[in-house]
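Next come the chains, spelled out residue by residue.
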2 protein chains.
Amino acid sequence: MSSFRFAVNVTPKPGILDPQGRAVEGSLGHLGIEGVSGVRVGRRVELTVEAAGAGEATAIVERLAQELFSNPLIEAFAVERLDAQGVTGSGR
Amino acid sequence: MSSFRFAVNVTPKPGILDPQGRAVEGSLGHLGIEGVSGVRVGRRVELTVEAAGAGEATAIVERLAQELFSNPLIEAFAVERLDAQGVTGSGR
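Residues numbered from 1 in each chain as written. Chains lettered and ligands numbered in written order. Predicted model: local features only at pLDDT ≥ 70, side-chain atom pairs only at ≥ 80, totals over all residues. Heavy atoms only, no water.

Visitor: Is there a simple way to explain the overall build of chain A in this structure?
Guide: When you go through chain A residue by residue, the secondary structure sums to two helices and four strands. In sequence order, chain A lays out its α and β elements as β-α-β-α-β-β. In terms of overall size, chain A is more extended than a compact globule, its C-alpha atoms giving a radius of gyration of 16 Å where 92 residues would be expected to give roughly 12 Å. Oriented by its inertia axes, the alpha-carbon framework of chain A measures out at about 50 × 25 × 15 Å. (Helix = DSSP H or I, 4+ residues; strand = E, 2+ residues; numbered from the N terminus. Rg over C-alpha atoms; globule rule 2.2 N^0.38 Å.)

This is the structure we're talking about:
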């Protein structure tokens, strides 16, 4: 068994209303910042998985991302390996 | 002026209590999943910045990350360029 560290990035799907993103855009004027647009606010979950191999660990993380971390109706997720280079998988 | 797309990953600092992470770990038993640990739940903010260059755009994002997206007492952030390769900067 080995340990693998992942991050799951959960973001509102395109076209889905994002009230937190709108609130951030509304706050930018108070900070005197211009030229910022397209703000989307989501979640980031980091976790460690013990598994026989990277493929098995990734499968566990993708299941958690779908069933526990995201609402598939309105959110997209992407799975990222933190202890290796690059992104290993992504979801809808 | 060019457009640059960024993500800011905000996570609880090491040692800071993370009740959402604990809740996720408590839910894993119901899903029949073992071997998952070190769950940390944070935010991910994606945004587009118009600026003369990448350096100026990154400076704006780092300012927003410090003043608007994170609580520096209890959270760390990392800035990621989405329209280029790799991570361009990180914060505390």
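Visitor: Would you explain the interface of chain B and chain A in this entry?
Guide: Many structure descriptions define interface size as the accessible area lost when the parts assemble. Residue-level contacts link 30 residues of chain B with 30 residues of chain A. Both sides together, the interface formed by chain B and chain A hides about 2500 Å², and carbon and sulfur atoms give 61% of it. A per-residue breakdown of the area chain B buries against chain A is headed by Leu-31, Arg-44 and Leu-68 of chain B, which together make up 20% of the total. On inspection of chain B and its partner chain A, the count reaches zero salt bridges. For the interface between chain B and chain A, the tally reads 13 residue pairs in polar contact (both at pLDDT 80 or more). Broken down by secondary-structure element, the contributors of at least two residues to the side of chain B that touches chain A are β1 (2-12), α1 (19-31), β2 (36-51) and α2 (54-69) of chain B. Class assignment for the residues of the side of chain B that touches chain A results in 14 nonpolar, eight polar and eight charged. As judged from the eleven bridges shared by strand β2 (residues 36-51) of chain A and β2 of chain B, these two strands associate in the antiparallel manner. For Glu-46 of chain A, the partnering residue across the bridge sits in β2 of chain B and is Arg-40 of chain B. (Contact = heavy atoms within 4.5 Å. Buried area = accessible area lost by both parts, 1.4 Å probe. Salt bridge = Lys/Arg side-chain N within 4 Å of Asp/Glu carboxyl O. Polar contact = N/O pair within 3.5 Å; in protein donor to acceptor, adjacent residues only side chain to side chain. Nonpolar A, V, L, I, M, F, W, Y, C, P; charged D, E, K, R; others polar. Pairing = 2+ DSSP bridges.)

Visitor: Honestly, the pairing of strand β1 (residues 2-12) of chain A in this entry has me stumped. Any pointers?
Guide: Regular strands place their side chains on alternate faces of the sheet. Residues and elements named next belong to chain A. The buried count for β1 comes to eight of eleven residues, which makes it a mostly enclosed element. Both β1 and β2 contribute to a ladder of nine bridges, which runs antiparallel. Across the sheet, the residue bridging to Ala-7 is Glu-46, located in β2. Pairing of β1 with strand β3 (residues 75-81) involves seven bridges; the strand directions are antiparallel. Its bridge partner being in β3, Ala-7 is matched across the sheet by Glu-80. (Buried < 20%, exposed > 50% of the residue type's maximum accessible area, 1.4 Å probe, protein only.)

Visitor: Looking at this structure, how should I read the side chain of Thr-48 of chain B?
Guide: Following the sequence through the fold, Thr-48 of chain B ends up in strand β2. Once you skip the residues sitting within four places of it in the chain, Thr-48 of chain B turns out to touch Gly-35, Val-36, Ser-37 and Gly-38 of chain A together with Ser-3, Phe-4 and Arg-5 of chain B.

Visitor: Before we go on, may I ask you to explain the relation of the copies chain B and chain A in this structure?
Guide: Here the second copy of the chain follows from the first by a rotation about an axis and a shift along it. Take chain B, turn it by 180°, move it 0.0 Å along the axis, and it overlays chain A with an RMSD of 0.0 Å. Within this description, the copies of the chain are treated as partners about a two-fold rotation axis. Using C-alpha coordinates, one finds that chain B approaches the rotation axis most closely at Arg-43 of chain B, a distance of 2.1 Å. A share of 100% of the interface residues of chain B reappears at the interface of chain A, consistent with the copies meeting face to face through the same patch. (Least-squares fit on C-alpha atoms with pLDDT ≥ 70 in both.)

Visitor: Would you mind going over the packing of aromatic side chains with me for this structure?
Guide: Each aromatic ring pair is specified by the distance between its two centres and by the angle formed by the two planes. Under the counting rule described, the total for this entry stands at zero aromatic pairs over all chains. In this arrangement the basic side chain of Arg-81 of chain A is found over the ring face of Phe-6 of chain A, its NZ or CZ atom lying 6.0 Å from the centre. (Phe/Tyr/Trp six-rings, centres within 6.5 Å; stacked < 30°, edge-to-face > 60°. Lys NZ or Arg CZ within 6 Å of the ring centre and 35° of its normal.)

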